[in-house]
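Read off the chains here:
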Amino acid sequence: MDTKELLKKVRKIEIKTRRLSDHIFGGEYHSTFKGRGMTFSEVRSYQFGDDVRNIDWNVTARYNEPFIKVFEEERELTMMLMVDVSGSELFGTTDQFKKDIITEISATLAFSAMQNNDKIGLILFSDQIELYIPPKKGRFHVLRIIRELIEFQPKNKNTDINGALKFMSSVSKKKVIAFVLSDFMSDKYEHALKIAANKHDITGIRIYDEKEESIPNIGFVQMEDAETGELMLVNTKSKTVRNQYAKHYLDRVNYYQTVFTKSGAGVISSRIDESYVKKLLGYFKRRG
């Protein structure tokens, strides 16, 4: 992809997702993810309706009229986007791949965090850490993240969510708001998730295509594993084969939902042809 085409894509995503974050998600994000507490801001004259518990008695005595302490939320939050860039994300039977939806959601979340003056970091992972961008603030930083999400070419195609969670825990010394965006066709990450969720605010966002849920009965078909590259001839006429595939897929989905819920992390699932806007908004409102 040449520079001109890349910039055009980045701009297109910025326009779409920034509109969403400005008009829909900014306020919801702010109310869902609170800061570390309230810090003293100033003293002002007492007004009718103010909480009498916040009266500053020293200043009140000095000026012989009531004054009140004003507090403001101490935000300074950090969002970490953990994005699966394994081979299975390059799948889609509509006009978009799973990767495209993941990029849009990531950009929307990043602009929502930027609007609230929070830092944003990025971890791209396959079965290794492909790229780590430390958290920073600002529009140019967010645009760099979007650029990487669009054009980054991973070295590996397999998935290791366990390793990604361990890495995030090791680089995040303070509490972060972490979003893990993946199809979660992986397992054996329960322990790492439990440790990470104990310190950080974690949400899994599962993006999937409905055609992945089952194999149609269309005879012998040559299939390629998107992550291993292995080619195999599959007899889709076999009910046993179709049932085994469906069970394998369902086992992974159930594992994701069970393990995330059990660890206290949030779960969102969105099909690529569904409105992720509604899914995110619903999640924020339930948590807010």
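1. A closer look at the overall build of the chain
Inference 1: Within the chain, the secondary structure is distributed over eight helices and ten strands.
Inference 2: Expressed as a percentage of its 288 residues, the buried residues of the chain come to 45%.

2. Some points on helix α7 (residues 239-262)
Inference 1: Along its 24 residues, α7 runs 34 Å from first to last C-alpha, staying within 8% of the 34 Å computed at 1.5 Å per residue.
Inference 2: Each element contacted by the buried residues of α7 is listed here: α6 (190-199), β7 (201-208) and β10 (266-271).
Inference 3: Positive backbone phi, approximately 90 degrees, marks G264, located one or two places after α7.

3. Considerations on the environment of N158
Inference 1: Its location among the elements puts N158 in the loop between α4 (139-151) and α5 (161-171).
Inference 2: As a C-alpha pair, N158 and M185 span 27 residues in sequence and 10.0 Å in three-dimensional space.

4. Digging into the side chain of S86
Inference 1: For S86, the location among the structural elements is in the loop between β3 (78-84) and α3 (98-115).
Inference 2: Within the structure, S86 has its side chain in polar contact with the side chain of D84 (distance 2.7 Å).
Inference 3: Side chain to side chain, S86 and T159 meet in a polar contact 3.0 Å long.

5. Focus on α6
Inference 1: Along α6, the positions that sit buried rather than exposed are A192, L193, A196 and A197. One face of α6 carries all of its buried residues, which in axial projection span an arc of 125 degrees. Of the exposed residues in α6, those oriented more than 90 degrees away from the buried face are H191, K194 and N198.

6. What about the sheet that holds strand β6 (residues 177-182)?
Inference 1: The mixed open sheet is built from six strands, whose spatial order is β5-β4-β3-β6-β7-β10. The outermost strands of the open sheet, each flanked by one partner alone, are β5 (129-136) and β10. Taken pair by pair, the neighbouring strands of this sheet meet at an average axis angle of 15 degrees, ignoring direction.
Inference 2: Relative to β10, helix α8 (residues 276-287) is tilted by about 160 degrees, and along the sheet it contacts β6, β7 and β10.

7. Quick notes on the pattern of salt bridges
Inference 1: Applying the stated criterion across every chain, the model contains eleven salt bridges.
Inference 2: R11 is the partner of E14 in a salt bridge, and the nearest nitrogen-oxygen pair spans 2.8 Å. On the criterion of helical spacing, the pair formed by E14 and R11 is a turn pair, its members being three residues apart in helix α1 (residues 3-32).
Inference 3: Members of the salt-bridge network, linked through shared partners, are R11, E14 and R139.

8. What to know about a positive patch on the surface
Inference 1: A surface patch of like charges, here positive, comprises K4, K8, K9 and K12.
Inference 2: Inspection of the secondary structure assignment puts K9 in helix α1.
Inference 3: Residue K9 is classed as partly exposed on the basis of its relative accessible area of 39%.

9. Observations regarding unusual backbone geometry
Inference 1: The backbone of N64 shows a phi angle near 60 degrees, a positive value even though the residue is not glycine.
Inference 2: By secondary structure assignment, the location of N64 is in the loop between α2 (57-63) and β2 (67-74).
Inference 3: By relative accessible area, N64 is classed as exposed at 73%.
Inference 4: Phi is positive for K188, close to 60 degrees, though the residue is something other than glycine.
Inference 5: Tracing the backbone shows K188 in the loop between β6 and α6.
Inference 6: Accessibility expressed as a relative area gives 68% for K188, which makes it exposed.

10. Notes on the packing of α5 against α6
Inference 1: Interaxial distance between α5 and α6 falls to 8 Å at its minimum, and their mutual angle equals 25 degrees. Relative to α6, α5 is oriented roughly parallel. By crossing handedness, the relation of α5 to α6 is classed as left-handed. Judged by residue contacts, N162, L165, K166, M168 and S169 of α5 engage A192, L193 and A196 from α6.
Inference 2: Residue classes in the contact of α5 with α6 are distributed as five nonpolar, two polar and one charged.

11. Some details on the nonpolar core
Inference 1: Membership of the largest hydrophobic core comes to 45 residues, with the highest contact counts inside it found for L81, V83, I105, I120, I146, F179 and I205.
Inference 2: Among the elements that line this core, the one with the most residues is α3, at nine residues.
Inference 3: Formed by 22 residues, the second largest nonpolar core is a distinct cluster that contains M80, V176, A192 and A197.

12. Quick look at the pairing of β3
Inference 1: For β3, the buried fraction is high: seven of the seven residues fall into the buried class.
Inference 2: Taking every second residue as pointing to the same face, both faces of β3 are buried, with T78, M80, M82 and D84 on one and M79, L81 and V83 on the other.
Inference 3: As defined by bridge partners, β3 adjoins strand β4 (residues 119-125) across seven bridges and the pair is classed as parallel. Directly across from T78, in β4, lies its bridge partner K119.

What counts as what
- Residues numbered from 1 in each chain as written.
- Predicted model: local features only at pLDDT ≥ 70, side-chain atom pairs only at ≥ 80, totals over all residues.
- Heavy atoms only, no water.
- Helix = DSSP H or I, 4+ residues; strand = E, 2+ residues; numbered from the N terminus.
- Buried < 20%, exposed > 50% of the residue type's maximum accessible area, 1.4 Å probe, protein only.
- Expected span 1.5 Å × (residues − 1).
- Contact = heavy atoms within 4.5 Å.
- Polar contact = N/O pair within 3.5 Å; in protein donor to acceptor, adjacent residues only side chain to side chain.
- Arc of directions from axis to C-beta.
- Pairing = 2+ DSSP bridges.
- Axes fitted to C-alpha atoms, helices over the stretch in contact; angles between N-to-C directions.
- Salt bridge = Lys/Arg side-chain N within 4 Å of Asp/Glu carboxyl O.
- Patch = residues over 30% accessible without salt bridge, like charges linked within 9 Å, V, L, I, M, F, W, Y side chains within 5 Å.
- Areas by Shrake-Rupley, 256 points an atom, 1.4 Å probe, with all protein chains shown as cover.
- Lys, Arg positive; Asp, Glu negative; His and termini not counted.
- Charge placed at Lys NZ, Arg CZ, Asp CG, Glu CD.
- Parallel < 35°, antiparallel > 145°, perpendicular 65-115°, else oblique.
- Left-handed = near helix turned anticlockwise from the far one by under 90°.
- Nonpolar A, V, L, I, M, F, W, Y, C, P; charged D, E, K, R; others polar.
- Core = buried A, V, L, I, M, F, W, Y, C linked by side-chain atoms within 4.5 Å.

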